[in-house]
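Here are the chains, one letter per residue:
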Amino acid sequence: MAGRVITGIVADLFSWRVSIGTSGVLGMLSMLAFRSLLPRSRHFVPRRGLRLAHHRGADRASSARTAGVSGPRTHGTASPDSLRRCC
């Protein structure tokens, strides 16, 4: 919301180009502040072998599992098949 208010005020005072530039600069400053205030990670151990190819394979497996789903699905609803399996 602040982005709309600030860019609106700057656009009234100067131009829309300056307003968009101001928004970009404020976004970069916010990102730098966030990164500097973020605490260092503790107890993080990177895993070996989990590169991009691993994630591509997981995405393909997920797509293959959902390929048999027919019709639109809404979030949070259970299909009759899943109810039969669990209960």
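Fair warning: this is a prediction, and the values are worked out from it, not measured in the lab. (Residues numbered from 1 in each chain as written. Predicted model: local features only at pLDDT ≥ 70, side-chain atom pairs only at ≥ 80, totals over all residues. Heavy atoms only, no water.)

*Asks:* Explanation requested: the packing of helix H1 (residues 2-13) against helix H2 (residues 16-37) in the structure shown.
*Replies:* Two numbers describe a pair of packed helices, the interaxial angle and the distance between the axes. Two elements in contact, H1 and H2, have axes separated by 7 Å at closest approach and are oriented at 145 degrees. The element H1 and its partner H2 pack so that their crossing is right-handed. Contacts from Ile 6, Thr 7, Gly 8, Val 10 and Ala 11 of H1 reach H2 at Trp 16, Val 18, Ser 19, Thr 22, Ser 23 and Leu 26. The residue makeup of the contact of H1 with H2, split by class, is six nonpolar, five polar and no charged. (Axes fitted to C-alpha atoms, helices over the stretch in contact; angles between N-to-C directions. Helix = DSSP H or I, 4+ residues; strand = E, 2+ residues; numbered from the N terminus. Left-handed = near helix turned anticlockwise from the far one by under 90°. Contact = heavy atoms within 4.5 Å. Nonpolar A, V, L, I, M, F, W, Y, C, P; charged D, E, K, R; others polar.)

*Asks:* Which parts of the structure should I look at to understand the side chain of Ser 19?
*Replies:* On the secondary structure map, Ser 19 appears in helix H2. With a relative accessible area of 4%, Ser 19 lands in the buried category. Looking at Ser 19, its side chain comes within polar contact range of the main-chain oxygen of Thr 7, at 2.7 Å. Sequence-distant contacts of Ser 19, that is, excluding residues within four places in its chain, are made with Thr 7, Gly 8, Val 10 and Ala 11. (Buried < 20%, exposed > 50% of the residue type's maximum accessible area, 1.4 Å probe, protein only. Polar contact = N/O pair within 3.5 Å; in protein donor to acceptor, adjacent residues only side chain to side chain.)

*Asks:* Help me out: how do you make sense of the confidence of the model for the protein in this one?
*Replies:* Interpreting fine coordinate detail is not advised for predicted regions of low pLDDT. Of all residues in the protein, 66% have pLDDT values of 70 or greater, and the mean over the chain is 78. Per-residue pLDDT, averaged within each element of the protein, yields its smallest value for helix H4 (residues 80-86) (56) and its largest for H2 (94). (pLDDT = per-residue confidence, 0-100.)

*Asks:* Looking at this model, I keep getting lost on a nonpolar patch on the surface. Mind explaining?
*Replies:* A cluster of nonpolar residues, Ile 6, Val 25, Leu 26, Met 28, Leu 29, Met 31 and Leu 32, forms a patch on the protein surface that exposes about 610 Å² of accessible area. Considering each element in turn, the nonpolar patch owes the most residues, six residues, to H2. (Patch = residues over 30% accessible without salt bridge, like charges linked within 9 Å, V, L, I, M, F, W, Y side chains within 5 Å. Areas by Shrake-Rupley, 256 points an atom, 1.4 Å probe, with all protein chains shown as cover. Salt bridge = Lys/Arg side-chain N within 4 Å of Asp/Glu carboxyl O.)

*Asks:* Where do I start with the side chain of Thr 7 in this structure?
*Replies:* With respect to the helices and strands, the residue Thr 7 is situated in helix H1. In terms of polar contacts, Thr 7 uses its side chain to reach the backbone carbonyl oxygen of Arg 4, at 3.2 Å. Thr 7 has contacts with Ser 19 and Ser 23, leaving out every residue within four places of it along the chain.

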